Amino acid sequence: MAGTVGAVRAVPGPRLAVAGRGAAAEALARRLGVPLVRAADPEAVDFVLVYEDGGLGIRPAAAGGSGVVRVDLVAGRAGARRRAASRGTELIARAVGIGRGVTTVVDATAGLGRDAFVLAALGAQVIALERSAVIAALLADGLCRAALDPATGPIVPARLRLVVADARRWLEGLAARDRPDAVYLDPMFPPRRKTARVKKELELVQALVGTDDPEAGELLAIARAAARRRVVVKRPVHAPPLAPGASATCRGRTTRFDVYLS
Ligand SMILES: C[S@@+](CC[C@H](N)C(=O)[O-])C[C@H]1O[C@@H](n2cnc3c(N)ncnc32)[C@H](O)[C@@H]1O
C-alpha cells in the first residue's frame, strides 16, 4: 500500500527511536534510520515509536507510556465522523466537489489521514501523499488496520492509497492522463497564540515537521497546474489566503476551504 517515490524530506527534528523487539520493529527502525532500543531513555530520545495493542503508535519518551498517538480510522472520532459524514454536511466534500463531477483527488498533505479518509469514505478515489517518513509510517499502519475492519475495509485500499513522497515532485512528474480532478492541501499553519491548546495529534505533527510550511505557496502553484478542475486549501478561519485568486470559500467555525478553479 505504501510506496516511496523520489526523495523524502529529511526534517531536522526530534530524536526518535523504535522501542521493542521483533521483525516489524526492526524493519521500521531500519527504514527510518533510527535506533532500535528495548526501552527509550528520555535523556537520549524525544519520541519513541512502539508496536502495541496491535498497531504502531508514537509517544514522548518522557511520558512513561502516556500520550500515545496512533492513526485510528475505524473507531473514536474518525469512526464517528465517518458514520455521520455526508456529502452535504461535510464542508470538505462540498469544497472539493465530491458528487459534483470530482471523483479523483490527490491529498498532497496527508498527515494523519483524517481528511483523505473522509473524502474516500464519501466516494472519492484518493491518493494521499506524505513526505515525513515517520508520519507516513503511522498512517500506513492505520490504513492496514482499517483495511482489515469490515466497516472500513471497503474504503481502504480500494479508494485510498498512500504514497510517501514530496507532493511537489510527485505532482510535477504526473503524466497528463493521470492528472486528478482535484488536489487538496492542508499545509501546516502556525498556531494563533503560543498558549493555544493544541490537540495531542497536532502537537505531535508539529514536533515532527514544524509549525509552519514555507513551501506551501510553491506547492499550491504546482497543484494548480496539475489539477483538472480545482485545488482546495484548508486554512484556519482567521488566516490570510495562501495565494490570491480563490474563486470561492466554504467557511466553517474554525476552518475554511479556499477553492481555486482550474
Ligand atoms: C496539517 S498536516 C495535514 C493533516 C491532514 N489533513 C489530516 O487530516 O490529518 C500537514 C502534513 O502535510 C505534510 N506535507 C507538507 N508539505 C508536503 C509536501 N510538499 N509533500 C508531502 N507532504 C507534505 C506534512 O509533513 C504534514 O504531515
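These numbers come from a predicted model, not from an experiment. (Residues numbered from 1 in each chain as written. Predicted model: local features only at pLDDT ≥ 70, side-chain atom pairs only at ≥ 80, totals over all residues. Heavy atoms only, no water.)

Some thoughts on the overall build of the chain
Item 1. Scanning the chain from N- to C-terminus turns up 8 helices and 11 strands.
Item 2. Over its C-alpha trace the chain gives a radius of gyration of 18 Å, about what one expects of a compact globule, namely 18 Å for 262 residues.
Item 3. Principal-axis analysis of the C-alpha atoms places the extent of the chain at approximately 55 × 40 × 35 Å.
Item 4. Put simply, the chain has 262 residues, and 47% of those count as buried.
Item 5. Put simply, 62% of the contacts in the chain that link residues at least 6 apart link residues at least 24 apart. (Helix = DSSP H or I, 4+ residues; strand = E, 2+ residues; numbered from the N terminus. Rg over C-alpha atoms; globule rule 2.2 N^0.38 Å. Buried < 20%, exposed > 50% of the residue type's maximum accessible area, 1.4 Å probe, protein only. Contact = heavy atoms within 4.5 Å.)

Examining the packing of aromatic side chains
Between two aromatic rings, the relevant description is the distance of the centres plus the angle of the planes.
Item 1. Across all of its chains, the model carries 1 aromatic pair by this definition.
Item 2. Judged by centre distance (6.4 Å) and plane angle (40°), the rings of Tyr184 and Phe257 are tilted. You can see Tyr184 sitting in strand S8 (residues 182–185) and its partner Phe257 sitting in strand S11 (residues 255–261), a full 73 residues away along the chain. Both residues of the pair, Tyr184 and Phe257, count as buried. (Phe/Tyr/Trp six-rings, centres within 6.5 Å; stacked < 30°, edge-to-face > 60°.)

With respect to the side chain of Glu130
Item 1. Among the structural elements, Glu130 can be located in strand S6 (residues 125–130).
Item 2. A polar contact is formed between the side chain of Glu130 and the backbone nitrogen of Gly111, at a distance of 2.8 Å. (Polar contact = N/O pair within 3.5 Å; in protein donor to acceptor, adjacent residues only side chain to side chain.)

Topic: the packing of helix H5 (residues 133–148) against helix H7 (residues 200–209)
Item 1. Their axes nearest at 9 Å, the elements H5 and H7 cross at an angle of 145°. For the pair formed by H5 and H7, the contact residues are Val134, Ile135 and Leu138 on the first element and Leu204, Val205, Leu208 and Val209 on the second.
Item 2. Of the residues assigned to the contact of H5 with H7, the class counts are 7 nonpolar, no polar and no charged. (Axes fitted to C-alpha atoms, helices over the stretch in contact; angles between N-to-C directions. Nonpolar A, V, L, I, M, F, W, Y, C, P; charged D, E, K, R; others polar.)

With respect to the nonpolar core
One broad trend across soluble globular proteins is that nonpolar side chains are buried collectively.
Item 1. Ranked by size, the top nonpolar core spans 61 residues in total, and within it Leu49, Ile58, Val96, Ile98, Val105 and Leu160 carry the most contacts.
Item 2. A per-element tally of this core places H5 first, with 9 residues.
Item 3. Residues from two domains meet in this core; each of domain 1 (16–63) and domain 2 (76–261) gives at least three.
Item 4. Not counting residues within four places of it along the chain, the set of residues in contact with Val105 comprises Val96, Ile98, Leu119, Ala124, Gln125, Val126, Ile127, Pro180, Ala182 and Tyr184. (Core = buried A, V, L, I, M, F, W, Y, C linked by side-chain atoms within 4.5 Å. Domains from an automatic or database assignment.)

Considerations on the domain arrangement of the chain
Item 1. With domains assigned, the chain is organised as domain 1 (16–63) and domain 2 (76–261).
Item 2. One C-alpha centre belongs to domain 1, the other to domain 2; they are set 27 Å apart.
Item 3. Taken together, the contact pairs 12 residues of domain 1 with 9 residues of domain 2.
Item 4. Together domain 1 and domain 2 conceal approximately 770 Å² of surface at their shared face, both sides included; 82% is due to carbon and sulfur atoms.
Item 5. Run the count over domain 1 and domain 2 and you get 0 salt bridges.
Item 6. Where domain 1 touches domain 2, the interface holds 1 residue pair in polar contact (both at pLDDT 80 or more).
Item 7. Listed by contribution, the elements that provide at least two residues to the side of domain 1 that touches domain 2 are helix H1 (23–32), strand S3 (47–52) and strand S4 (55–60). (Buried area = accessible area lost by both parts, 1.4 Å probe. Salt bridge = Lys/Arg side-chain N within 4 Å of Asp/Glu carboxyl O.)

A closer look at the site of the ligand
Item 1. Around the ligand, 19 residues are found, and the nearest of them are Arg114, Asp115, Glu130, Ala167 and Asp186.
Item 2. With respect to the ligand, the side chain of Asp166 contributes an N or O atom lying 3.1 Å from a nitrogen atom.
Item 3. Between the ligand and Ala167 there is a distance of 2.8 Å, counted from a nitrogen atom to a backbone nitrogen or oxygen.
Item 4. Expressed as a share of its isolated accessible area of 610 Å², the protein-covered part of the ligand is 95%.
Item 5. If you list the elements that add at least two residues to the shell around the ligand, you get helix H4 (114–121) and S6.
Item 6. Taken together, the residues of the shell around the ligand sort by class into 9 nonpolar, 3 polar and 7 charged. (Near = heavy atom within 4 Å. Areas by Shrake-Rupley, 256 points an atom, 1.4 Å probe, with all protein chains shown as cover.)

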